[in-house]
Amino acid sequence: MAEAADFQGTSPSPARRWLRRTGALLAGAPLLAGLLQLPAAAPAHSAGQDSLKAASGGGTVAVAVDSLTPSVPGDGDTLTVSGTVTNEGKQAVTDAQVDLRLGPALNTRSDIDTVTKRTAYQQGLDGAPVGGKYIKEFSKLTPGVAQRFSISVPVDKLDLGRAGVYQFAVALSGETAARPWDQVLGIQRTFLPWQPDEADTKTRTTVLWPLVSTSHMTAQTGSDETQTPVFNDDDLAKEISPGGRLQQLVSLGKELDVTWVIDPDLLASVDAMIEPYRVQGEGDTTTAGTHQAVAGQWLAELQEAVQDKEVVALPFGDPDLASLAHNGTNVTGSLSHLKEATDVAADTVDSILHVEPTTDFAWPMNGAVDPSIVKVATSAGADKVIARSDSLVETGGLPYTPSAARPIGGGTSAVVADARMSTVFQGNLTRASSSTLAVQRFLAQSLALNLQSDKQRSIVVAPQRMPTASQAQAMAEAVSALQDGTWSQSQELTAAATAKPDSGATTKVPAASQYPSSLRKQELPRAAFEQIATTQDKLNKFKVILSNEDRVVTPFGRAMNREMSTSWRGHSAEAADYRNGVESYIDSLAGQVTLIDKSDTKLSGRSATIPVTVQNNLVQGVEHLVLRLTSTSPRRLEIGGEDFYEQRVTVSGGHSQTVKFPTSAQANGQAEVVAQLYTEDGQKYGAPVRFDVKVTEFTATVMLVIGGGFLLLVLAGFRMYTQRKRAAAREAEEDGPQETPEADAGPENADGGPENSNGSRERLTPEGLLEEESGTGTREDAPEQPSDPTPDTAAESADPSGTGERVDR
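Calculation notes
Residues numbered from 1 in each chain as written. Predicted model: local features only at pLDDT ≥ 70, side-chain atom pairs only at ≥ 80, totals over all residues. Heavy atoms only, no water. Phe/Tyr/Trp six-rings, centres within 6.5 Å; stacked < 30°, edge-to-face > 60°. Helix = DSSP H or I, 4+ residues; strand = E, 2+ residues; numbered from the N terminus. Buried < 20%, exposed > 50% of the residue type's maximum accessible area, 1.4 Å probe, protein only. Axes fitted to C-alpha atoms, helices over the stretch in contact; angles between N-to-C directions. Parallel < 35°, antiparallel > 145°, perpendicular 65-115°, else oblique. Left-handed = near helix turned anticlockwise from the far one by under 90°. Contact = heavy atoms within 4.5 Å. Pairing = 2+ DSSP bridges. Expected span 1.5 Å × (residues − 1). Core = buried A, V, L, I, M, F, W, Y, C linked by side-chain atoms within 4.5 Å.

A. Fine view of the packing of aromatic side chains. Summed over the entire model, instances satisfying the criterion amount to five aromatic pairs. Aromatic side chains F231 and Y277 sit 5.2 Å apart centroid to centroid with 65° between the ring planes, which places their arrangement in the edge-to-face category. Residue F231 is located in strand 11 (residues 229-231), and its partner Y277 is located in the loop between helix 6 (264-274) and strand 13 (278-280); the two are separated by 46 residues in the primary sequence. Since its relative accessible area comes to 1%, F231 is described here as buried. Taking 5.5 Å as the distance between ring centres and 40° as the angle between the ring planes, the aromatic pair formed by W568 and Y578 counts as tilted.

This is the structure we're talking about:
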C-alpha cells in the first residue's frame, strides 16, 4: 500500500519509509500472532478475513449449549439450539455474533473421541457458519455476564448428506479493544446424528438400569416380637423421596425398555422402613423413623415399573467380587458368604417385587475382570460375567465393534459392555450444558457403531452402579431418543448373553497384572475379610445356645453380606466403622448370658453345696449350655467327687438360674474354684468366674473336747442315779419292813428307776430332777408334776447327715 503511493524510479523520503515500515509491521502483527497460535498440524490458509478468524483461537468467551432439540433430527424437523455465552475475559466484546457451524461427517468412533477432546477453534475442521438469518447478535458482551441465545434452523438448511454422525458446533465471534477484528472467541462442539430413514440393519441394544445404594441397615434389631430394624442413618429416605436419586431412577426407568439390575439389600431395606423402624442417634440411643409412607410409595411405584420387564438380581448386598478375589479367598468362610448372598437374592426380590429375577449374572466393579475375579464370580452359581470392553480389549483387528457375548471357557460367558457408551454419563451432569453434550455423544457413538457394518450385533450398555439424579436424567433422555430412533432396537440382557458371538472377538481374560491399579487401591483389604470371619466365629458360638437362633442369625448374616459391599469403595473409614459396629454388637449380645461373680466362701465341715448363678438378659431363652465347676486343688477340695463337675443349664429369657454343686473337703486350707460355661460341643462360652473356698473342717482336738464333755454328762447322770437310789433305801428303812408286791419284785424298767405302787415310773430328767411317769394306775395322794416345756428345736434325727450346709456366695 505504501509502495503504491510512491513514484516509480524515485527514492522514498525518510518519513515515507518510516510510515511504510510501521504500516507493514502493524499489518503483519495479527497474522504472526495467529500463526504462532495455530497447532503444528493445522493447514496453511490464505490471508484475509478467514485468516483473522483462524488466528483468534478462541477461549475468551465460554459457550454453553443447554439444549439441542430434537436430539436426533429427521426430515422436515426444525433444529433448535439454546444456551448461553459468557465473556470470561477482562475486556468487553463488541459486534458479537453466535452462529451454527456444521462440520464434516465423522467416519469412525475414534473420530468422535478426537472431536470430544479438541478445545481450541480450528478453521476448516470446525466447519463453516450456516449463516443467513440463523444467527444471534449481541452489540456488547460485558465481562462476567452471561447472555442467553436460541437459534432455530430447518434441518434442510443444513445440507446434510448421507446418514452419519456430523460434527456440530456453536461459535461466538466478535472484537475486543486489544484485537479490533472479527475473530472466533469461543466455541462448543457437539454431535448431530443423522439417520433420516430406517436403517437396513439395526443394532440390538441392551441398557442396564441399576438400582443400587449404600448399606443402611445395621445388625441390630429390637427386642419386640417383630424385631424392629435399626438403621445407621435416615439417608435412604432422602434417596427414595420425590426428587431423590432412587426415586428418579424408578420414575424415569418405568418409561424405558431397559433391564433392571437390583441389589436385593436395597429392597429389603426399603421394605423394612414400611413398618416401624429406628435410627441410630448419639451413643447407644435410637430415634423412631418417620418415612413409612415414602417407603411404601416407592416400592409400589417400583413394583409397577418392573412388571413385564427383565429383572437381574445381584447377590444380596452387592458383594465386591474383585476385593473378594484378590484379598478374601484365602480367608476361611469368605466364599460361603458370597454363596449365601446369592441364595437369598431371588427370594428377596420375588417376595417384595412379585417378579422372578434372573440370578445368572455377576457384575464386577466397572466390568474389570481377571481370571481370579471370573473364578470367584462364578463360584456362587452365576455363569455369566458382565465385563467391559476397556478390560476385555479387542486384539483381533476387527473393523467393527463385536457383539457382547463371549465364551471365555469353563462354560462361562462374558457379556462385554461397550465402554464408550457405558461411561458417557459419568462426571458432574448437574449443568444442562454437560447433560446435553453427554446425550449427543451417546447417540453419536451408537449410530457410528451401527454404521460400521451390515452385520447385526448385540450391544450392552452398563452405566455406573449408582448414578446421581442428574446422571439418571441424562441417561433417560439418551435412551429414550435411542429407542425412538431409526438404527437401534431394544433387547433384554439374557438375549444379548445368549446371542451368537463373533468369531473374531477376543475371548481371553486379561491377566491379573492388567487389572487397573486405580481400582485395586479401592478394594477391601484382607483385614476386612479376617474381621468378617471373626464375627462369624462369634456368631457360630452364640447361636448354638439360643432357643430361636433365627432372630440372630438372619440379621447378622445379612449384615456380614453388607460388610463385603462394592459400595464401600472409596469409603474405607466408613467400612471399618460398620464392621466394628457389627462385631461389637455380637459381643454385647453374647455378653448378656453370663455367670454372676462370686465372693470368696468358707466351707465348715467335710461337705457342702456351692451355688453358681447363670444370668440370661436376652429376650429369648438359652439352652444347650453346660456349667462346669473345677477345683484347682482337688486334694484339698473335690467337686462331685472329682476334679470338676458339670451340669446342663437352661435359662428362660430375662431370668437367672442357680446351679448347686456338691463339694467335699479333704484337707484344711484355701482352694481356688473356677466356674466356666461351655457349649454342648465343648467350646468355652464367656469368661470364667474364679473364687476361693476356705476349708475349715473338724479337727482331732475338737473331737476330744466334744467326747470329754459327753463323758462328763454320763458321769453326772450316773451320780444322780446312785444318790436317788440311796435316798430311797433310807426312806424304806425308816418306814420299816413291808411286803413287797409282785410287781415290785420285778426287774427295773428301761429307765433304770423302780416302778411305784400306782404303776408309775420315775426317771431322771436332764436337769437332774426326778420326774414321775404315769403308768396303768394312779395315786390319789401323789402331788401333780408339771409337764416339760415344748422343745425350742426339732428332735435330732438319727439318720446320717446330709451333704452339709449351703454355702452362699
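B. Up close: the packing of helix 8 (residues 321-328) against helix 10 (residues 371-379). Where helix 8 contacts helix 10, the axes come no closer than 8 Å and their chain directions differ by 110°. Considered as vectors, helix 8 and helix 10 are oriented roughly perpendicular to each other. You can see that helix 8 and helix 10 cross each other, and the crossing is right-handed. Taking contact as the criterion, the partners of L321, A322, L324, A325 and H326 in helix 8 are, on helix 10, S372, I373, V376 and A377.

C. Spatial organisation of the sheet that holds strand 14 (residues 286-288). Here four strands make up an open sheet; going across it, the order is 10-11-13-14 and the pairing mixed. Each edge of the sheet is formed by a strand with only one pairing partner; in this case those strands are strand 10 (217-221) and strand 14. Neighbour-to-neighbour, the strand axes of the sheet open up by a mean angle of 35°, direction not taken into account. Contacts from helix 6 reach strand 10 and strand 11, with the element oriented near 115° to strand 11.

D. Layout of helix 17 (residues 550-563). With 14 residues, helix 17 extends 20 Å from end C-alpha to end C-alpha; this agrees with the ideal 20 Å at 1.5 Å per step. In terms of burial, helix 17 is largely enclosed, as 11 of its 14 residues are buried. Among the residues of helix 17, those classed as buried are R551, V552, P555, F556, G557, R558, A559, M560, N561, R562 and E563.

E. Spatial organisation of the environment of G289. Turning to its location among the elements, G289 is positioned in the loop between strand 14 and helix 7 (292-305). Residues G289 and R278, spaced 11 residues apart in sequence, show a C-alpha to C-alpha distance of 5.2 Å. Not counting the four nearest positions on each side in its chain, G289 is found in contact with Y277, R278 and V279.

F. Representation of the nonpolar core in the model. F542, F556, L627 and L629 are the most contacted members of the largest nonpolar core, which totals 75 residues. Apart from the residues lying within four places of it in its own chain, the contact partners of F556 are A219, L539, V582, Y585, I586 and L589. Judged by nonpolar contacts, the second largest core, of 66 residues, contains L256, L429, A444 and A448.

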